[in-house]
Amino acid sequence: MSSSSQKAQIQEIIDTTQGSDPEDRCSTPEPEVNHEQDGAITPQASSSKPKKKKKSKAAKVLNAMRGKNEIPQELISHVVDRVAVEHGPNAPAANEDNVRQALEQMKIMDVIKGKSGIAGRGEKAMGEHKFWATQPVPQLGDETSPDEGFIEPNKSREEVRQDPYPLPKDFEWAILDINDSKQIKEVYDLLSLNYVEDDEAAFRFQYSAEFLEWALKPPGYLKDWHIGVRVSSNKKLVAFISGVPVTLRVRGNVFQACEINYLCVHKKLRSKRLAPVLIKEVTRQVNLTGVFQAIYTAGVVLPTPVSTCRYFHRSLNIPKLVDVKFTYVPRSMTLARMIRVYKMVAKPQLSGLREMEERDVSDVADLFARYMQRFSMGPVLTLDEIRHQFLSGRGRMDEPSEHYRRPGQVVWTYVVEEAHTGRITDFFSFYSLPSTIIDHPKYGLLEAAYLFYYASDAAFVEDSEANNILKKRLEALMGDALIIANQAKFDVFNALTLMDNCSFLESLKFGAGDGLLNFYLYNWRTAPLAGVSAVDGVEPGKGVGIVML
């Protein structure tokens with residue numbers, strides 16, 4: 001057996017051990033990106049313990065194996081059965097010797113015992129979840145409930161804890177005022193030095209003050225949901241967590257929720273276990289306003305993802321991305337040929353494409369609302385929220401836009417206006433979130449654009465998907481988004497396998513990243529949603545219609 005064939009068999013087995021989702025249908029050819037920055041965001045919590053749920057057969061097998069040192073026969077048999085069901089009994093990987101070899105290479109016993117995660121990720125998350133076991137979230141291994149709705153009922157304000165949770169000695173709570181330039185700089189400095197890094201510690205998100213103002217101050221935001229921890233003696237900000245209000249639709253249910261983000265603890269204080277206290281305190285503050293559900297994302301596996309999406313990357317500045325080892329030159333290419341393959345034209349191609357203006361808010365809101373009904377979960381936005389999300393981050397409007405970019409700009413939104421009617425038929429948006437390139441001799445910043453929301457009325461044409469009408473329209477729209485991002489001097493354009501993204505990722509030369517982003521709902525039970533893979537007949541991506549900043 002050749003080494004490449006053996007590797008393919010091992011990967012096939014590894015895939016079957018990580019869940020029962022069908023094959024990822026958003027896969028694309030080389031080049032694959034080497035580095036991914038998982039949006040490690042952690043949610044609010046509650047002190048109430050959920051009712052104990054019935055464990056599935058698979059969960060019982062895993063629990064029984066945690067005290068053993070050798071790979072049990074029951075696990076090997078389970079994987080062989082899975083391979084036989086999904087790929088046929090004659091599949092090369094459907095034999096015990098290959099399965100055992102693959103599981104040994106994965107160090108699967110370390111994963112089961114919580115000492116490590118799949119592919120080196122989620123070391124703590126794959127083991128015991130002492131904190132999350134006390135929270136109203138579905139637990140890993142629980143059987144999926146057919147019921148949709150809250151896990152714990154809402155409480156009256158009087159039933160919610162009135163006093164802040166105690167902090168370790170020498171620390172104190174602080175409510176951050178994002179309108180204060182000094183305080184927003186403190187948050188910016190904390191995140192810039194201590195927030196999410198990729199696995200190799202080569203890249204770290206760098207949130208600008210303009211980005212934080214845009215992300216943390218949507219209409220109806222509450223100051224008390226921006227929570228920090230300071231050192232009592234010198235008032236230095238050493239931890240932060242935020243929440244912003246969101247109206248969320250999950251299948252047929254619409255409810256008020258909190259979007260939790262930017263949990264960050266100073267690197268030198270991670271042994272103080274400040275994160276669980278931050279989560280409990282933001283939960284308390286949110287509960288005091290009568291909100292008891294939340295949505296959040298994380299790159300690690302916690303109890304329990306409602307969906308998982310994969311990052312994809314469209315390279316723009318090839319020489320820089322190769323130099324900083326964000327991507328690589330495939331063996332079948334030279335650098336010069338790779339640059340030619342990924343070269344963009346200079347100007348957008350769509351007729352009627354222009355930057356969104358105030359006069360477009362109502363039309364964009366209507367198009368957005370109708371388009372988002374295509375997805376199982378998504379936000380419900382008011383006119384003010386549409387205005388904020390797509391217009392408020394355009395930068396300093398009194399200064400000219402040079403190469404499609406203004407000073408301080410964090411979001412780009414473009415509409416397509418039909419010439420003879422003036423009707424808005426499409427829109428797309430993306431935002432800027434650069435990363436610090438750590439310890440590189442030549443480059444200090446990776447300019448990354450992230451696909452935000454979009455919509456097209458091509459979705460409402462009869463048989464638009466069967467006849468590829470929507471696919472072709474989205475390819476044209478996103479092609480222009482890439483052109484604008486390239487002209488605005490972005491190095492890479494990122495997107496997740498959500499919404500309708502899977503229909504254009506491959507054709508527009510996006511490459512699969514090595515990072516997954518897990519979506520979670522707090523105190524809300526629902527069946528799994530289609531993300532990187534199809535679920536119950538729903539195509540990949542179409543379960544998730546919300547983009548977390």
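The rules behind the values
- Residues numbered from 1 in each chain as written.
- Predicted model: local features only at pLDDT ≥ 70, side-chain atom pairs only at ≥ 80, totals over all residues.
- Heavy atoms only, no water.
- Helix = DSSP H or I, 4+ residues; strand = E, 2+ residues; numbered from the N terminus.
- Polar contact = N/O pair within 3.5 Å; in protein donor to acceptor, adjacent residues only side chain to side chain.
- Contact = heavy atoms within 4.5 Å.
- Core = buried A, V, L, I, M, F, W, Y, C linked by side-chain atoms within 4.5 Å.
- Buried < 20%, exposed > 50% of the residue type's maximum accessible area, 1.4 Å probe, protein only.
- Pairing = 2+ DSSP bridges.
- Expected span 1.5 Å × (residues − 1).
- Salt bridge = Lys/Arg side-chain N within 4 Å of Asp/Glu carboxyl O.
- Axes fitted to C-alpha atoms, helices over the stretch in contact; angles between N-to-C directions.
- Parallel < 35°, antiparallel > 145°, perpendicular 65-115°, else oblique.
- Nonpolar A, V, L, I, M, F, W, Y, C, P; charged D, E, K, R; others polar.
- pLDDT = per-residue confidence, 0-100.

1. Let's talk about the side chain of Asn-501
Its place among the elements puts Asn-501 in the loop between strand S15 (492-496) and strand S16 (511-522). A polar side-chain atom of Asn-501 sits 2.6 Å from the main-chain carbonyl oxygen of Leu-496. Dropping the residues within four chain positions of it, Asn-501 is found in contact with Leu-451, Tyr-454, Ala-495 and Leu-496.

2. Notes on the nonpolar core
One broad trend across soluble globular proteins is that nonpolar side chains are buried collectively. One finds Tyr-262, Met-377, Phe-428, Phe-430, Tyr-453, Phe-493 and Phe-519 to be the most contacted residues of the largest nonpolar core, which totals 109 residues. No other element matches the nine residues that helix H13 (residues 469-487) contributes to this core. Contact partners of Tyr-453, with chain neighbours within four places excluded, come to Phe-368, Met-372, Pro-379, Phe-390, Phe-427, Phe-428, Ser-429, Met-499, Gly-545, Ile-546 and Val-547. Among the nonpolar cores identified, the runner-up in size contains 31 residues, and Ile-227, Val-238, Leu-274 and Ala-298 belong to it.

3. Points about the sheet that holds strand S13 (residues 445-446)
A sheet is described by the order of its strands in space; here three strands give the open sequence S2-S12-S13, paired in antiparallel fashion. Each of the sheet's edge strands pairs with one partner strand only, and the pair in question is strand S2 (203-205) and S13. Bridge analysis of S2 against strand S12 (residues 435-437) gives three bridges, and the strand direction is antiparallel. Among the inter-strand pairings, Phe-205 is bridged to a residue of S12, identified as Ser-435.

4. What to know about helix H8 (residues 274-288)
Here H8 spans 21 Å end to end across 15 residues, near enough to the 21 Å set by a 1.5 Å rise per residue. Burial of H8 is extensive: 13 of the 15 residues sit out of reach of the surface. Gly-290, located one to two residues past H8, shows a positive phi value of around 85°.

5. Some points on the pattern of salt bridges
One pass over the full model with this rule turns up 25 salt bridges. In this structure, the salt-bridge partner of Arg-354 is Glu-417, at a minimum N-O distance of 2.8 Å. Residue Arg-354 is located in strand S8 (residues 353-355), and its partner Glu-417 is located in strand S10 (residues 411-417); the two are separated by 63 residues in the primary sequence. Judged by its relative accessible area of 16%, Arg-354 falls in the buried class. Taking relative accessible area as the criterion, Glu-417 reaches 24% and is therefore assigned partly exposed. In this structure, Asp-366 engages Arg-370 in a salt bridge whose closest nitrogen and oxygen atoms are separated by 3.3 Å. Linking Asp-366 with Arg-370, this pair stays in helix H11 (residues 361-372), spanning four residues, or about one helical turn.

6. As for unusual backbone geometry
A cis amide bond links Pro-303 to the next residue, Thr-304, at an omega of -20°. Relative to the helices and strands, Thr-304 is located in the loop between strand S6 (294-298) and strand S7 (307-315). The phi angle at Arg-251 is positive, at roughly 55°, despite the residue not being glycine. Checked against the element boundaries, Arg-251 lands in the loop between strand S4 (237-250) and strand S5 (253-265).

7. Section: the packing of H11 against helix H12 (residues 383-391)
Running from amino to carboxyl end, H11 crosses H12 at an angle of 100°, the nearest separation of the two axes being 9 Å. One element, H11, and the other, H12, form an angle in the roughly perpendicular class. Together, Val-361, Ser-362, Val-364, Ala-365 and Phe-368 of H11 and Leu-383, Ile-386, Arg-387, Phe-390 and Leu-391 of H12 make up the contact between the two elements. In terms of residue class, the contact of H11 with H12 is made up of eight nonpolar, one polar and one charged.

8. Description of the pairing of strand S11 (residues 424-432)
Counting buried residues in S11 gives nine out of nine residues, a clear majority hidden from the surface. Taken together, the seven bridges between S10 and S11 define a ladder with antiparallel strand orientation. Bridging from a neighbouring strand, Val-415 pairs with Phe-427 of S11. In this structure, the hairpin formed by S10 and S11 is closed by a connection of six residues, where Gly-422 is found at a positive phi of approximately 75°. In this sheet, strand S14 (residues 448-456) lies alongside S11 in antiparallel orientation, the contact comprising six bridges. Looking across to S14, one finds that Phe-427 is bridged to Ala-455.

9. Quick notes on the environment of Thr-413
Tracing the sequence through the fold places Thr-413 in strand S10. Apart from the residues within four sequence positions on either side, Thr-413 is in contact with Glu-355, Met-356, Phe-390, Phe-427, Phe-428 and Ser-429.

10. Describing the packing of helix H6 (residues 181-194) against helix H7 (residues 209-216)
Interaxial distance between H6 and H7 falls to 9 Å at its minimum, and their mutual angle equals 105°. Taken as axis vectors, H6 and H7 run roughly perpendicular relative to one another. Taken together, the residues of H7 that come into contact with H6 (itself represented by Ile-184, Val-187, Tyr-188 and Leu-191) are Ala-209, Leu-212 and Glu-213. Split into classes, the residues belonging to the contact of H6 with H7 amount to six nonpolar, no polar and one charged.

11. Quick word on the confidence of the model for the chain
Looking at the chain as a whole, its pLDDT mean stands at 84, while 76% of the residues score no less than 70. Confidence drops under a pLDDT of 50 for residues 27-54, and excluding neighbours within four residues, the segment shows 138 contacts in the predicted structure.

12. Structural notes on the pairing of S10
Each regular strand displays side chains that alternate between the two surfaces of the sheet. Counting buried positions along S10 yields six of seven residues, so the element is predominantly enclosed. Bridge count between S8 and S10: three bridges; the pairing is antiparallel. Considered in S10, the bridge of Glu-355 is made with Tyr-414.

13. Quick word on the side chain of Arg-284
Structurally, Arg-284 is set in helix H8. Reaching out from Arg-284, the side chain makes a polar contact with the backbone oxygen of Asp-163 at a distance of 3.4 Å. Look past the residues within four positions of Arg-284 in its chain and what remains in contact with it is Val-160, Arg-161, Gln-162, Asp-163, Pro-164 and Tyr-165.

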